[in-house]
Amino acid sequence: MAGLKLDGLGVALVTPFTPAGSIDYEALEVIINHVINGGVDYIVAMGTTAETPTLSREEKIILADYIKEKTDGRVPLVIGIGGNNTKRICDRLQSLNLDGYSAVLSVTPYYNKPTQEGLYQHYKTIAAASPLPIILYNVPGRTGVNLSAKTTLRLAEDIPNICAIKEASGKIDQCEEIINNCPERFSVISGDDAATFNIMSRGGKGVISVVANAFPREMKKLVELCASPSREKASTCQAGLQNIITPLFEDGNPAGVKAALAELGLIHNILRLPLVPVSEHVLKKIKKASKEIVQSLD
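Quick summary incoming for the structure in this document.

Calculation criteria
- Residues numbered from 1 in each chain as written.
- Predicted model: local features only at pLDDT ≥ 70, side-chain atom pairs only at ≥ 80, totals over all residues.
- Heavy atoms only, no water.
- Helix = DSSP H or I, 4+ residues; strand = E, 2+ residues; numbered from the N terminus.
- Rg over C-alpha atoms; globule rule 2.2 N^0.38 Å.
- Buried < 20%, exposed > 50% of the residue type's maximum accessible area, 1.4 Å probe, protein only.
- Contact = heavy atoms within 4.5 Å.
- Areas by Shrake-Rupley, 256 points an atom, 1.4 Å probe, with all protein chains shown as cover.
- 1 Å grid on protein atoms, 1.4 Å probe; cavity = no way out; pocket = protein on both sides within 12 Å on 5 of 7 lines; lining within 4 Å.
- Points joined across faces, edges and corners; volume = space filled by probe spheres on them.
- Pairing = 2+ DSSP bridges.
- Axes fitted to C-alpha atoms, helices over the stretch in contact; angles between N-to-C directions.
- Parallel < 35°, antiparallel > 145°, perpendicular 65-115°, else oblique.
- Left-handed = near helix turned anticlockwise from the far one by under 90°.
- Nonpolar A, V, L, I, M, F, W, Y, C, P; charged D, E, K, R; others polar.

Quick look at the overall build of the protein
Across its full length, the protein carries 12 helices and eight strands. Whereas a compact globule of 298 residues would reach a radius of gyration of roughly 19 Å, the protein reaches 18 Å, a difference of no more than 12%. The principal-axis extent of the C-alpha atoms belonging to the protein is close to 50 × 45 × 35 Å. Within the protein, buried positions represent 55% of all 298 residues. Across the protein, every contact between residues at least 6 apart in sequence was considered, and the portion connecting residues at least 24 apart equals 73%. Carbon and sulfur atoms make up 51% of the accessible area of the protein, which totals about 12,900 Å².

Given below as structure tokens:
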């Protein structure tokens, strides 16, 4: 875990596409510089927000190298490597060139709905195969299975190579149970922009943010306030940011944040099927909230 900073603001990086549907590497470089200049503490490459299910194996390899090259050591990098085939994940961990990356974010297996024992054995197996620390990713709204606090704590206690969890279950009591009972070396990170204050005020170490793709400075301010003694200011900041957070997720992720990035002139508002751009109704809300944020900075 040397050199890995899990405290603070991480960003789940989008994958911009050209009008022809290929990866827009020029726009990706712009986004990388935008989030680093905006104060993010680390970048998460090829998570759900990157539309990884629609990327080919070759695209993922090129993308991982490109993000590493353009980041150029300015902030730590985390790479998303997950799935519902444990052996295939282990094979990827052994075959990929992970030089330049500090940790692996691995989502709970989806669709096949393993038991808690199955989840434990899955993560134990990939942690043994991984040359990098593993960050658990619990997002039952997408995977259909919740990684319980009991199983998370068991993994944290038993396996030194498991260093953190990105928690997006929406269960604040579950997050609090993990925070209160995990080893000191283990971090709980919010996986939901809207839950940043609630999780950090209970001892969470930060957030892996979608919103920070478009508004890194604003999310950085929130995270810094949440880490300070001023809970009232942090709560007020979180409430203010809900004006943009809510519409960004109304038609799903990353459709919302891509609409905001397009409104800022940073990327084309293009997604790969089965995802589509947000509706006109939601787009109006995003444009209004984005304009208000930009004006507040003038």
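That shown, we press on.
Considering empty space enclosed by the protein
Going through the model one piece at a time under the given rule, you end up with one cavity of 30 Å³ or more. In this structure, the largest cavity occupies an estimated 30 Å³ of space. For the largest cavity, the full set of lining residues is Ala12, Val44, Gly47, Thr48, Leu105, Tyr137 and Lys166.

Points about the environment of Gln295
As for its placement among the helices and strands, Gln295 is situated in helix H12 (residues 280-297). A relative accessible area of 45% means that Gln295 is categorised as partly exposed.

Things to note about the sheet that holds strand E4 (residues 103-107)
Here eight strands make up a closed barrel; going around it, the order is E1-E2-E3-E4-E5-E6-E7-E8 and the pairing parallel. Sheet twist, expressed as the mean angle between neighbouring strand axes with direction ignored, is 25°. In the packing of helix H7 (residues 172-181) onto the sheet, contacts are made with strand E5 (134-138), strand E6 (162-167) and strand E7 (187-190), and the angle to E6 comes to roughly 160°. Sheet strands in contact with helix H9 (residues 216-226) are strand E1 (8-12) and strand E8 (206-209), and its direction is about 145° off that of E1.

What about unusual backbone geometry?
Omega for the peptide link from Asn253 to Pro254 comes to 10°, which places this bond in the cis form. Looking at the element boundaries, Pro254 is found in the loop between helix H10 (231-250) and helix H11 (255-263). Backbone torsion omega between Leu273 and Pro274 reads 20°, so that peptide bond is classified as cis. Summarising the element assignment, Pro274 is placed in the loop between H11 and H12. Here Asp72, not a glycine, exhibits a phi torsion of approximately 55°, which is positive.

Topic: the packing of H9 against H10
One can describe the packing of H9 onto H10 by two numbers: an axis separation of 8 Å at closest approach and a directional angle of 155°. Considering the angle they form, H9 stands roughly antiparallel to H10. Seen from above, H9 lies across H10 with left-handed handedness. Contacts from Glu218, Met219, Lys221, Leu222, Leu225 and Cys226 of H9 reach H10 at Lys233, Ala234, Cys237, Gln238 and Leu241. When the residues that make up the contact of H9 with H10 are grouped by side-chain class, the tally is seven nonpolar, one polar and three charged.

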